[in-house]
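What the coordinates show
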Amino acid sequence: MAEEITAKREPRDSHTSTRFNATSVPRPIQEIQSDTGNRIQLKHQEFSRVLGGGLVPGSINLIGGDPGIGKSTLLLQIALELAEDHPVLYVSGEESERQIKMRADRLHRDTDRQTLPLPENLLLVTETNLEAILDHTDSTRPALLIVDSIQTSYLPEFESSAGSVSQVRESASRLREYAKRTGISVFLIGHVTKEGTIAGPRVLEHIVDTVLYLEGDRYQAYRLLRSVKNRFGATSEVGVFEMGERGMVEITNPSEAFLAERMVNAPGSAIAVTMEGTRPILVEIQGLTNPTTFGNPRRTPNGIEFNRLLLISAVLTRRAGIKLTDQDVFVNVVGGLKISEPAADLAVAAAIASSVKDRPVKADTILIGEIGLSGELRMASRMSDRLEEAAKLGFQSAIIPKKLRSGGSPWPTGINIIEARSLNQALKEALLHK
Ligand SMILES: Nc1ncnc2c1ncn2[C@@H]1O[C@H](COP(=O)(O)OP(=O)(O)OP(=O)(O)O)[C@@H](O)[C@H]1O
Ligand SMILES: [Mg+2]
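Structure report, in brief. (Residues numbered from 1 in each chain as written. Chains lettered and ligands numbered in written order. Predicted model: local features only at pLDDT ≥ 70, side-chain atom pairs only at ≥ 80, totals over all residues. Heavy atoms only, no water.)

Focus on the overall build of the chain
Assigned secondary structure in the chain consists of 11 helices and 18 strands. Considered along the principal axes of its C-alpha atoms, the chain spans approximately 85 × 60 × 55 Å. In the chain, which comprises 434 residues, the share counted as buried stands at 48%. Contacts in the chain between residues far apart in sequence, at least 24 positions, make up 69% of those at least 6 positions apart. A total of about 22,100 Å² of accessible surface is found on the chain, and carbon and sulfur atoms cover 48% of it. Charge centroids of the chain, computed over 51 positive and 54 negative side chains, lie 7 Å from each other. (Helix = DSSP H or I, 4+ residues; strand = E, 2+ residues; numbered from the N terminus. Buried < 20%, exposed > 50% of the residue type's maximum accessible area, 1.4 Å probe, protein only. Contact = heavy atoms within 4.5 Å. Areas by Shrake-Rupley, 256 points an atom, 1.4 Å probe, with all protein chains shown as cover. Lys, Arg positive; Asp, Glu negative; His and termini not counted. Charge placed at Lys NZ, Arg CZ, Asp CG, Glu CD.)

Describing the environment of Ser269
Examined against the element boundaries, Ser269 turns out to sit in strand β10 (residues 269-276). Its relative accessible area of 10% is what places Ser269 among the buried residues. C-alpha separation for the pair Ser269 and Leu124, spaced 145 residues apart in sequence, amounts to 48 Å. The residues contacting Ser269, other than those within four sequence positions of it, are Arg262, Glu284, Ile285, Gln286, Ala351, Ser354 and Val361.

Quick notes on the packing of helix α8 (residues 306-319) against helix α9 (residues 345-357)
Contact geometry for α8 and α9: axes closest at 10 Å, N-to-C directions at 60°. Relative to α9, the element α8 is oriented oblique. As α8 runs across α9, the sense of the crossing is right-handed. Facing Arg308, Leu309, Ile312 and Leu316 of α8, the residues of α9 in contact are Asp345, Val348, Ala349, Ile352 and Ala353. (Axes fitted to C-alpha atoms, helices over the stretch in contact; angles between N-to-C directions. Parallel < 35°, antiparallel > 145°, perpendicular 65-115°, else oblique. Left-handed = near helix turned anticlockwise from the far one by under 90°.)

Some details on the sheet that holds strand β9 (residues 247-250)
Within the open sheet, the 9 strands sit side by side as β3-β2-β4-β5-β1-β6-β7-β8-β9. Their pairing is mixed. What marks the edges here is a single partner per strand, and that holds for β3 (122-126) and β9. Put simply, the sheet's adjacent strands are angled 25° from each other on average, direction ignored. Where strand β1 (residues 60-65) meets strand β5 (residues 185-191), 6 bridges bridge the pair, whose relative direction is parallel. Note that in β5 the partner of Asn61 across the bridge is Phe187. Packed onto the sheet, helix α3 (residues 97-107) meets β2 (88-92), β3, β8 (238-244) and β9 and runs at close to 145° relative to β3. On the sheet, helix α4 (residues 130-140) packs against β2, β3 and β4 (144-148) and is oriented at approximately 165° with respect to β2. (Pairing = 2+ DSSP bridges.)

Structure representation (structure tokens):
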């Protein structure tokens, strides 16, 4: 239960005869100027891409993520870059100005690790009162206002404490209204609850134009910036970064990074091609099986869903003759990536089967396909894009589901396509003979 206290509004007196005078005027659509053309270009290409090609003036954007994942770091980097040519106001309710300065000193270095002079266009202030924040924004007129975080800012006219449902909602609405009126772009940082959604009401996501999530494994350097809502561009765009001392460095070829530490010809490893937004990424999937010592056999997935692993294990046991009922099964997606699409099923199954049989999966082969309950393979979306990416990285063959529907474009050349109808058939093709 959360107490919600709202400010009292003067009730409209229905008895007074004076009519309400609207200040807004309806206008024909042709007369209204669209302003998608003048996006502010950012040097950070990956960030720009996730936003749909730059920052839209007057837009309000929300970025959420687990504690310590790098939200403040990423936005400070954007602020430092943008402040080269535009004024930027960075408001923090969580860290002191000195702390932010220290971080800026660490981030703002050239490739030889020499500190660069910090831009004078970047203004910092520690403030949580939203009235004061808007006041500062009025006097400094920045192109971008960053509020770190929306949960620490509050409106004094509401009695509830900062971070409560009504405060978060009202603060965000006030900022939106301000952004639309002045054309200043606003970036809000939002905390994430234990369940993984942005803390505060769901309406927060309706108030803003763009919702971005920064995710990644706490113990891994890779970070994914995912757009889940975008009023100015495609959603499900993903930017891939590596977190380091100089902050978030964009990775232009994620597949290469994810495959860098792979051990070729080791049993229990298979390569899947997963779509992250519109971009195919090759990842290594590892499987390990070990006889259960006591009790029920365990299923331990890391990077894929638990239920998916249960299903794949059951199909392997029943339809492919690979007995897993007395085996613990571990599956790991290398690099901390989380795969939710079923197109990676076949690679997961191959990694497990390879571990059980102690026979490596062919090193130059990738596997794509969803596994059905009868052990059949099903087609995945955007196969051509996936195959092209695999070919580009030098993979020789791809084991994919048999195309049953006619039509569609032919598979890309440059990679040998092996079509399989069933899981059994696919595993025969994938595993090396001893
Ligand atoms: N010198 C450093 N070298 C590499 N990484 C660092 C360094 N200093 C800090 N980090 C990384 O930066 C992370 C903190 O980043 P940041 O403060 O931007 O996160 P945040 O998402 O804003 O967290 P919060 O929710 O607490 O505000 C740390 O978890 C750490 O991984
Ligand atoms: Mg922070």
